[in-house]
Each structure stands twice: as structure tokens, then as C-alpha cells.
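Here is what each chain is made of, one letter per residue.
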Amino acid sequence: MRSFFNQFVPAQDCLLCAAACGRRSLCPRCEATLPQLDGPLCPLCAQPLPGGAQHPCGECLRHPPPWQATLAAWRYGFPLDRMIQALKYRHHFGVIEPLVEPLAQLAAARPLPDALLAMPLHRARQRSRGYNQSLLIARALSGRLGVPLLHHACRRTRDTRPQAGLTPTQRRSNLRRAFVCNPCVQGLNIAIVDDIMTSGASLAQLSGALSECGAQRIECWVLARALRTGAS
Ligand SMILES: [Zn+2]
Ligand SMILES: [Zn+2]
């Protein structure tokens, strides 16, 4: 992956402090400030658990999510939020390598899925942005882990409003029936790859569509987990 991305990433300054940092997007000092997701974490939603518990959190016990596990590399907060925005909106592909590395390590320590699936963007949004950041992240993981990446297995049928700023209920209704999957997912263990998990509403909708098409097991792999308000 390093060589693939380096073909397109010129030498640059650190995204955060402007120190020269070669082809990486962050200098080592800024990289050390990235917000860690300190464990133990809920195995289903990757929220930190109080007191060293190893079971699902109360929220997942009350409302079990439609997937079997979540892996998250970072806590969504400064300065990582700036890096993900730079990836999403300003073509800063150099942030992928440092952010993907720990997620690949987490994934490699467990049984690997049959295939990866990037969270799809609606065609209109992909056309205006020029690329799907989740697909770039998934491609990097696929290359590192040797797990195939599914293409055309699923599409987003509605160009839903951006989820930021919506309440959890609004997020769910915004996304209703937003995905259509292809029967090629039948019987597969699939990891959905996305940049951030906030409420998990998009991941839940996509998981539901995959399950309806017969996917056997679904995991969510995200770069960053936004902590629930009040999560300890
Ligand atoms: Zn720096
Ligand atoms: Zn949970």
C-alpha cells in the first residue's frame, strides 16, 4: 500500500504543525497525539466499557446491533477529525497509511472475514467528490490483510442527507431502505469498512440489507469511533 499511495502523494508538510514530514501526512510528534481508543471496549460497538468488563455494553444489550463485532482504531476527536475531513474533502490520501495501520493490526489478530465491503456512497455524491474515502480505506486494508474486496455487491439507492447534526431517530429514518445488495454476498462473512462510526445508523442499514441477502456474519471495521455522550 505504501508504494501505491506514494506514487500519488507528493512530499508535504505535516497537516497539523506544518513541519516537513516527507510523504507522510503527520510528523511523528503530531502522530503521537492522535486520540487513542482506550480499552476495554464493547465487542459489538467499540464503546469503552467501565471497569474492565468484557461483555457487550448496556446499549448493545438493550438494542443488539445487526452485526457481530466492531473494530475501531481510534477515538474520533482532534486532531484525527481534521485528518478524516482532509481525506474526505481535500484529497489528502496520505492520511490513510498512518490511520489504517492499527486497524489492520487489530483485524490481523482475529479470524479474517471472507471479504471486505466499503460503505458505498450514492453515485451522485461519489461523482461530485470524485472518490469514496471508505473504498480507499478498504483497499488499503485488503492489500495488507490479503482479504478480497467486494465491488458492486451493494449500492446506495438514495442520496441521503448528510447524517451529521441529525438525532438518532432522524438518522434511521433518513437511511431507511437506502441500500440494495446483490445475492453474491450469500453465505459470506463480511467486514464493512467505513471511516467513522457515530450512531452506527448507516452501518445498521447496510448490515440489514446484507443479512436479507444471506450474508452469514457481519463486522464493522472503522477508522474512528465517536464516543457516545456520557460514555465512560
Ligand atoms: Zn506535526
Ligand atoms: Zn456496545
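All values derive from a computational prediction rather than experimental measurement. (Residues numbered from 1 in each chain as written. Chains lettered and ligands numbered in written order. Predicted model: local features only at pLDDT ≥ 70, side-chain atom pairs only at ≥ 80, totals over all residues.)

Draft legend 1. Molecular detail of the overall build of the chain. Scanning the chain from N- to C-terminus turns up 9 helices and 6 strands. A buried classification covers 37% of the 232 residues belonging to the chain. Across the chain, contacts joining residues at least 24 apart in sequence account for 74% of those joining residues at least 6 apart. (Helix = DSSP H or I, 4+ residues; strand = E, 2+ residues; numbered from the N terminus. Buried ≥ 20, exposed ≤ 12 C-beta atoms within 10 Å, placed from the backbone. Contact = placed C-beta atoms within 7 Å.)

Draft legend 2. Spotlight on helix H9 (residues 201-212). Look at H9: 17 Å from first C-alpha to last across 12 residues, which is about the 16 Å you get at 1.5 Å a residue. In the stretch just after H9, Gly-214 is the one whose phi turns positive, near 95°. (Expected span 1.5 Å × (residues − 1).)

Draft legend 3. Spatial organisation of the nonpolar core. Residues Leu-141, Ile-192, Val-193, Trp-221 and Leu-223 are the most contacted members of the largest nonpolar core, which totals 60 residues. If sequence neighbours within four positions are ignored, Val-193 has contacts with Leu-116, Leu-117, Ala-118, Met-119, Ser-134, Ile-137, Ala-138, Leu-141 and Trp-221. (Core = buried A, V, L, I, M, F, W, Y, C linked by C-beta atoms within 7 Å.)

Draft legend 4. Main features of the environment of Ala-104. Tracing the chain through its elements places Ala-104 in helix H5 (residues 96-108). Remark: the alpha-carbon pair of Ala-104 and Arg-144, spanning 40 residues in sequence, is separated by 7.0 Å.

Draft legend 5. Broad picture of the environment of Gly-187. Tracing the backbone through its elements, the reader meets Gly-187 in the loop between strand S4 (179-181) and strand S5 (189-197). On the basis of neighbour count, Gly-187 is assigned to the exposed category, with 12 C-beta atoms found within 10 Å. Sequence separation between Gly-187 and Arg-217 is 30 residues; the distance between their C-alpha atoms is 8.1 Å. Ignoring sequence-local partners within four residues, the contact set of Gly-187 consists of Gly-214 and Gln-216.

Draft legend 6. Structural view of the sheet that holds strand S6 (residues 217-225). One open sheet accounts for 4 strands, arranged S1-S6-S5-S2; its pairing is parallel. Each end of this open sheet is capped by a strand with a single partner; those strands are strand S1 (69-75) and strand S2 (115-118). Along the sheet, successive strands turn relative to each other by an average axial angle of 20°, direction set aside. Sheet strands touched by helix H7 (residues 133-145): S2, S5 and S6. Its angle to S5, the strand with the most contacts, is close to 130°. Of the strands in this sheet, S5 and S6 touch H9, which is tilted by about 165° from S5. (Pairing = 2+ DSSP bridges. Axes fitted to C-alpha atoms, helices over the stretch in contact; angles between N-to-C directions.)

Draft legend 7. Quick look at H7. Over its 13 residues, H7 runs 18 Å from end to end, which matches the ideal 18 Å to within 8%, given 1.5 Å per residue. Every buried residue belonging to H7 is among Gln-133, Ser-134, Leu-135, Ile-137, Ala-138, Arg-139, Ala-140, Leu-141 and Ser-142, and all of these are buried. For H7, the elements touching its buried residues are helix H4 (80-90), H5, S2, S5 and S6. Phi turns positive, to about 70°, at Gly-146, one or two residues after H7.

Draft legend 8. Representation of the pairing of S1 in the model. By the criterion of burial, S1 is predominantly enclosed, with 5 of the 7 residues buried. With 6 bridges connecting them, S1 and S6 associate as parallel partners. Its bridge partner being in S6, Ala-69 is matched across the sheet by Glu-219.

Draft legend 9. Broad picture of the environment of Cys-181. Note on placement: Cys-181 falls in strand S4. Spatially, the C-alpha atoms of Cys-181 and Arg-156 are 8.9 Å apart, while their sequence positions differ by 25 residues. In this structure, Cys-181 is in contact with Ala-153, Cys-154, Ala-209, Leu-210 and Cys-213, ignoring residues within four places of it in sequence.

Draft legend 10. Region of interest: unusual backbone geometry. Across the junction of Phe-78 and Pro-79, the peptide omega takes the value 0°, indicating a cis bond. Within the element layout of this structure, Pro-79 appears in the loop between S1 and H4. Phi angles above zero are rare outside glycine, and Ala-46 is one such case at about 65°. Mapped onto the elements of the fold, Ala-46 is located in the loop between helix H2 (28-31) and helix H3 (58-62). Notably, His-152 is not glycine yet its phi reads approximately 65°, a positive angle. Positionally, His-152 belongs in the loop between H7 and strand S3 (154-156). C-beta crowding within 10 Å serves as the criterion here: with 8 such atoms nearby, His-152 is assigned to the exposed category.

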